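# Observations on the three-dimensional arrangement
Chain by chain, the residues:
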Amino acid sequence: SAVISQKPSRDICQRGTSLTIQCQVDSQVTMMFWYRQQPGQSLTLIATANQGSEATYESGFVIDKFPISRPNLTFSTLTVSNMSPEDSSIYLCSGVGGRVLNTEAFFGQGTRLTVV
Amino acid sequence: KNEVEQSPQNLTAQEGEFITINCSYSVGISALHWLQQHPGGGIVSLFMLSSGKKKHGRLIATINIQEKHSSLHITASHPRDSAVYICAVLTSGSRLTFGEGTQLTVNP
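To keep things clear, this report deals only with the structure shown in the data block. All figures in this text were calculated on a predicted structure; none of them were measured in a lab. (Residues numbered from 1 in each chain as written. Chains lettered and ligands numbered in written order. Predicted model: local features only at pLDDT ≥ 70, side-chain atom pairs only at ≥ 80, totals over all residues. Heavy atoms only, no water.)

Two cysteines, two sulfur atoms, one covalent bond between them: this is a disulfide. Counting across every chain of the model gives two disulfides over all chains. In this model, Cys-23 of chain A is linked to Cys-93 of chain A through a disulfide, with the two sulfur atoms separated by 1.8 Å. Taking the torsion about the S-S bond as the criterion, the Cys-23 of chain A to Cys-93 of chain A disulfide, at about -90 degrees, is left-handed. In this pair, Cys-23 of chain A is assigned in strand E3 (residues 19-25) and Cys-93 of chain A in strand E9 (residues 89-97), connecting sequence segments 70 residues apart. No difference in accessibility class separates Cys-23 of chain A from Cys-93 of chain A, as the two residues are buried. Disulfide pairing is shown between Cys-23 of chain B and Cys-87 of chain B; the S-S distance is 2.0 Å. Disulfide Cys-23 of chain B-Cys-87 of chain B: the torsion about the S-S bond is -60 degrees, which places it as left-handed. With a gap of 64 residues between them, Cys-23 of chain B in strand E3 (residues 19-25) and Cys-87 of chain B in strand E9 (residues 83-90) connect regions that are remote in the sequence. (Disulfide = S-S within 2.5 Å. Helix = DSSP H or I, 4+ residues; strand = E, 2+ residues; numbered from the N terminus. Buried < 20%, exposed > 50% of the residue type's maximum accessible area, 1.4 Å probe, protein only.)

Rendered as C-alpha coordinates:
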(Lines give C-alpha, C1' and ligand atoms only; values in the text may rest on other atoms or scores of the structure.)
Protein backbone atom coordinates (compact mmCIF):
# COMPACT_ATOMS: atom_id res chain seq x y z
CA SER A 1 0.00 0.00 0.00
CA ALA A 2 1.06 3.60 -0.56
CA VAL A 3 2.33 5.92 2.16
CA ILE A 4 1.57 9.65 2.00
CA SER A 5 3.82 12.15 3.79
CA GLN A 6 2.07 15.44 4.46
CA LYS A 7 3.90 18.57 5.60
CA PRO A 8 3.69 20.61 7.71
CA SER A 9 1.81 18.78 10.45
CA ARG A 10 0.77 22.09 11.98
CA ASP A 11 1.36 25.82 11.59
CA ILE A 12 0.27 29.10 13.08
CA CYS A 13 0.02 31.86 10.48
CA GLN A 14 -0.75 35.56 10.39
CA ARG A 15 -3.88 36.70 8.61
CA GLY A 16 -3.29 37.88 5.07
CA THR A 17 -0.43 35.45 4.46
CA SER A 18 -0.44 32.18 2.51
CA LEU A 19 0.56 28.65 3.46
CA THR A 20 1.47 25.80 1.12
CA ILE A 21 0.86 22.23 2.25
CA GLN A 22 2.69 19.39 0.49
CA CYS A 23 1.85 15.74 0.03
CA GLN A 24 4.37 13.22 -1.26
CA VAL A 25 3.31 9.66 -2.08
CA ASP A 26 5.87 6.87 -2.09
CA SER A 27 4.24 5.17 -5.08
CA GLN A 28 1.87 6.17 -7.82
CA VAL A 29 -1.75 6.78 -7.03
CA THR A 30 -4.39 7.35 -9.65
CA MET A 31 -6.17 10.22 -7.99
CA MET A 32 -5.38 12.72 -5.24
CA PHE A 33 -7.80 14.81 -3.23
CA TRP A 34 -7.70 17.62 -0.69
CA TYR A 35 -10.13 17.87 2.23
CA ARG A 36 -10.87 20.41 4.94
CA GLN A 37 -12.17 19.78 8.43
CA GLN A 38 -13.46 22.88 10.15
CA PRO A 39 -13.76 22.79 13.96
CA GLY A 40 -16.50 20.39 15.01
CA GLN A 41 -17.26 19.36 11.43
CA SER A 42 -16.57 16.31 9.30
CA LEU A 43 -14.05 16.24 6.46
CA THR A 44 -15.27 17.98 3.30
CA LEU A 45 -13.81 17.68 -0.18
CA ILE A 46 -12.12 20.84 -1.46
CA ALA A 47 -10.94 19.59 -4.83
CA THR A 48 -9.58 16.77 -6.94
CA ALA A 49 -5.93 17.36 -7.86
CA ASN A 50 -5.47 16.51 -11.54
CA GLN A 51 -2.05 15.67 -12.86
CA GLY A 52 -0.71 18.35 -15.15
CA SER A 53 -3.94 20.33 -15.34
CA GLU A 54 -6.18 22.52 -13.25
CA ALA A 55 -7.81 20.99 -10.19
CA THR A 56 -11.52 20.27 -10.10
CA TYR A 57 -13.10 22.27 -7.27
CA GLU A 58 -16.22 21.46 -5.28
CA SER A 59 -18.99 23.97 -4.81
CA GLY A 60 -17.91 26.70 -2.42
CA PHE A 61 -14.18 26.40 -3.13
CA VAL A 62 -12.32 28.47 -5.71
CA ILE A 63 -8.90 28.32 -7.28
CA ASP A 64 -7.89 31.83 -6.22
CA LYS A 65 -8.32 30.89 -2.57
CA PHE A 66 -7.05 27.28 -2.74
CA PRO A 67 -4.63 26.90 -5.66
CA ILE A 68 -3.62 23.28 -6.12
CA SER A 69 -0.81 21.75 -8.12
CA ARG A 70 -0.09 18.17 -9.08
CA PRO A 71 2.94 18.11 -11.36
CA ASN A 72 3.25 14.30 -11.31
CA LEU A 73 1.52 11.17 -10.00
CA THR A 74 3.24 11.26 -6.59
CA PHE A 75 3.19 14.91 -5.48
CA SER A 76 0.60 17.59 -4.84
CA THR A 77 0.39 20.93 -3.04
CA LEU A 78 -2.50 22.95 -1.64
CA THR A 79 -2.04 26.64 -0.91
CA VAL A 80 -4.37 28.48 1.44
CA SER A 81 -4.18 32.07 0.21
CA ASN A 82 -4.80 35.39 1.94
CA MET A 83 -5.69 33.58 5.13
CA SER A 84 -8.27 34.70 7.67
CA PRO A 85 -9.15 33.15 11.03
CA GLU A 86 -12.04 31.34 9.29
CA ASP A 87 -9.44 29.26 7.44
CA SER A 88 -8.31 27.69 10.72
CA SER A 89 -8.97 24.02 10.04
CA ILE A 90 -7.36 20.66 9.49
CA TYR A 91 -6.38 20.04 5.88
CA LEU A 92 -5.96 16.48 4.65
CA CYS A 93 -4.72 14.99 1.41
CA SER A 94 -5.64 11.53 0.23
CA GLY A 95 -4.81 9.31 -2.71
CA VAL A 96 -6.78 6.58 -4.39
CA GLY A 97 -5.23 3.67 -6.25
CA GLY A 98 -4.54 0.06 -5.52
CA ARG A 99 -3.74 -3.14 -7.37
CA VAL A 100 -7.38 -3.35 -8.39
CA LEU A 101 -7.96 0.09 -9.85
CA ASN A 102 -9.13 2.73 -7.40
CA THR A 103 -10.23 0.38 -4.66
CA GLU A 104 -7.87 1.62 -1.97
CA ALA A 105 -7.54 5.00 -0.31
CA PHE A 106 -4.46 6.37 1.40
CA PHE A 107 -4.22 9.31 3.76
CA GLY A 108 -1.77 12.00 4.76
CA GLN A 109 -1.39 12.78 8.44
CA GLY A 110 -3.26 16.08 8.23
CA THR A 111 -2.16 19.70 8.71
CA ARG A 112 -3.60 21.69 11.60
CA LEU A 113 -3.70 25.35 10.54
CA THR A 114 -4.36 28.16 12.98
CA VAL A 115 -4.71 31.69 11.61
CA VAL A 116 -4.25 34.54 14.09
CA LYS B 1 -29.85 11.71 5.80
CA ASN B 2 -26.05 11.57 5.51
CA GLU B 3 -24.57 8.91 3.28
CA VAL B 4 -22.36 7.77 6.18
CA GLU B 5 -23.66 7.75 9.72
CA GLN B 6 -21.71 6.85 12.83
CA SER B 7 -22.91 6.01 16.30
CA PRO B 8 -22.48 6.96 18.98
CA GLN B 9 -21.26 10.54 18.47
CA ASN B 10 -19.64 10.54 21.88
CA LEU B 11 -18.55 7.61 24.02
CA THR B 12 -17.01 7.58 27.48
CA ALA B 13 -15.61 4.34 28.87
CA GLN B 14 -13.59 3.09 31.79
CA GLU B 15 -10.18 1.61 31.18
CA GLY B 16 -10.44 -2.05 30.30
CA GLU B 17 -13.93 -1.90 28.81
CA PHE B 18 -14.83 -3.37 25.43
CA ILE B 19 -15.85 -0.63 22.99
CA THR B 20 -17.90 -0.74 19.81
CA ILE B 21 -18.33 2.07 17.29
CA ASN B 22 -20.78 1.62 14.44
CA CYS B 23 -20.88 2.93 10.88
CA SER B 24 -23.80 2.62 8.45
CA TYR B 25 -23.74 3.78 4.86
CA SER B 26 -26.32 4.09 2.14
CA VAL B 27 -24.24 4.00 -1.05
CA GLY B 28 -22.41 1.32 -2.98
CA ILE B 29 -18.77 1.18 -1.95
CA SER B 30 -15.53 -0.39 -3.07
CA ALA B 31 -13.92 -0.08 0.38
CA LEU B 32 -14.48 1.27 3.88
CA HIS B 33 -11.80 2.87 6.02
CA TRP B 34 -11.51 3.46 9.74
CA LEU B 35 -9.36 6.41 10.75
CA GLN B 36 -8.12 7.62 14.11
CA GLN B 37 -7.74 11.35 14.69
CA HIS B 38 -5.57 12.33 17.63
CA PRO B 39 -6.36 15.34 19.83
CA GLY B 40 -3.73 17.37 17.97
CA GLY B 41 -5.49 16.68 14.68
CA GLY B 42 -3.13 14.07 13.26
CA ILE B 43 -4.86 11.30 11.29
CA VAL B 44 -3.88 7.63 11.18
CA SER B 45 -5.43 5.01 8.94
CA LEU B 46 -6.42 1.98 11.02
CA PHE B 47 -8.15 -0.38 8.62
CA MET B 48 -9.31 -0.76 5.06
CA LEU B 49 -12.13 -3.27 4.59
CA SER B 50 -13.96 -4.60 1.58
CA SER B 51 -15.30 -7.73 3.26
CA GLY B 52 -15.12 -9.77 6.44
CA LYS B 53 -13.00 -8.88 9.42
CA LYS B 54 -9.56 -7.54 10.22
CA LYS B 55 -7.63 -7.47 13.49
CA HIS B 56 -4.65 -5.41 14.54
CA GLY B 57 -3.60 -5.67 18.15
CA ARG B 58 -6.57 -4.71 20.31
CA LEU B 59 -8.52 -3.33 17.36
CA ILE B 60 -10.99 -5.36 15.33
CA ALA B 61 -12.98 -4.11 12.36
CA THR B 62 -15.84 -5.92 10.66
CA ILE B 63 -18.00 -5.16 7.67
CA ASN B 64 -21.29 -6.61 6.42
CA ILE B 65 -21.66 -5.58 2.78
CA GLN B 66 -25.25 -6.79 2.50
CA GLU B 67 -26.36 -4.78 5.51
CA LYS B 68 -24.09 -1.81 4.64
CA HIS B 69 -22.70 -1.73 8.13
CA SER B 70 -19.28 -1.79 9.76
CA SER B 71 -18.13 -1.89 13.36
CA LEU B 72 -14.87 -0.99 15.03
CA HIS B 73 -14.15 -2.78 18.30
CA ILE B 74 -11.51 -1.96 20.87
CA THR B 75 -10.74 -4.64 23.44
CA ALA B 76 -9.22 -3.82 26.84
CA SER B 77 -9.52 -0.08 26.20
CA HIS B 78 -6.84 2.26 27.49
CA PRO B 79 -6.71 6.04 28.01
CA ARG B 80 -4.32 6.32 25.05
CA ASP B 81 -7.19 5.08 22.83
CA SER B 82 -8.94 8.41 23.47
CA ALA B 83 -9.38 10.00 20.05
CA VAL B 84 -11.94 10.65 17.34
CA TYR B 85 -12.66 7.60 15.21
CA ILE B 86 -13.85 8.30 11.68
CA CYS B 87 -15.50 5.97 9.18
CA ALA B 88 -14.94 6.77 5.49
CA VAL B 89 -16.37 4.99 2.46
CA LEU B 90 -14.78 4.89 -0.97
CA THR B 91 -17.34 4.81 -3.75
CA SER B 92 -16.93 3.51 -7.28
CA GLY B 93 -16.41 7.10 -8.41
CA SER B 94 -13.24 7.22 -6.28
CA ARG B 95 -14.90 9.66 -3.89
CA LEU B 96 -14.42 9.41 -0.14
CA THR B 97 -17.35 10.27 2.09
CA PHE B 98 -16.61 10.69 5.77
CA GLY B 99 -18.76 10.13 8.81
CA GLU B 100 -18.90 12.83 11.44
CA GLY B 101 -16.69 10.87 13.78
CA THR B 102 -17.06 9.34 17.24
CA GLN B 103 -15.31 11.07 20.10
CA LEU B 104 -14.01 8.36 22.44
CA THR B 105 -12.78 9.15 25.94
CA VAL B 106 -11.33 6.36 28.05
CA ASN B 107 -10.91 7.22 31.70
CA PRO B 108 -8.30 5.55 33.92
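Okay, the interface of chain A and chain B next. Between chain A and chain B, the contact holds 21 residues from the first and 20 residues from the second. With a shortest N-O distance of 3.2 Å, Arg-95 of chain B and Glu-58 of chain A are connected by a salt bridge. Between the two partners, chain A and chain B, sit five residue pairs in polar contact (both at pLDDT 80 or more). Mapped onto the side of chain A that touches chain B, the elements with two or more residues apiece are strand E4 (31-37), E9 and strand E10 (104-107) of chain A. Each residue belonging to the side of chain A that touches chain B can be placed in one class, and the counts come to ten nonpolar, seven polar and four charged. (Contact = heavy atoms within 4.5 Å. Salt bridge = Lys/Arg side-chain N within 4 Å of Asp/Glu carboxyl O. Polar contact = N/O pair within 3.5 Å; in protein donor to acceptor, adjacent residues only side chain to side chain. Nonpolar A, V, L, I, M, F, W, Y, C, P; charged D, E, K, R; others polar.)

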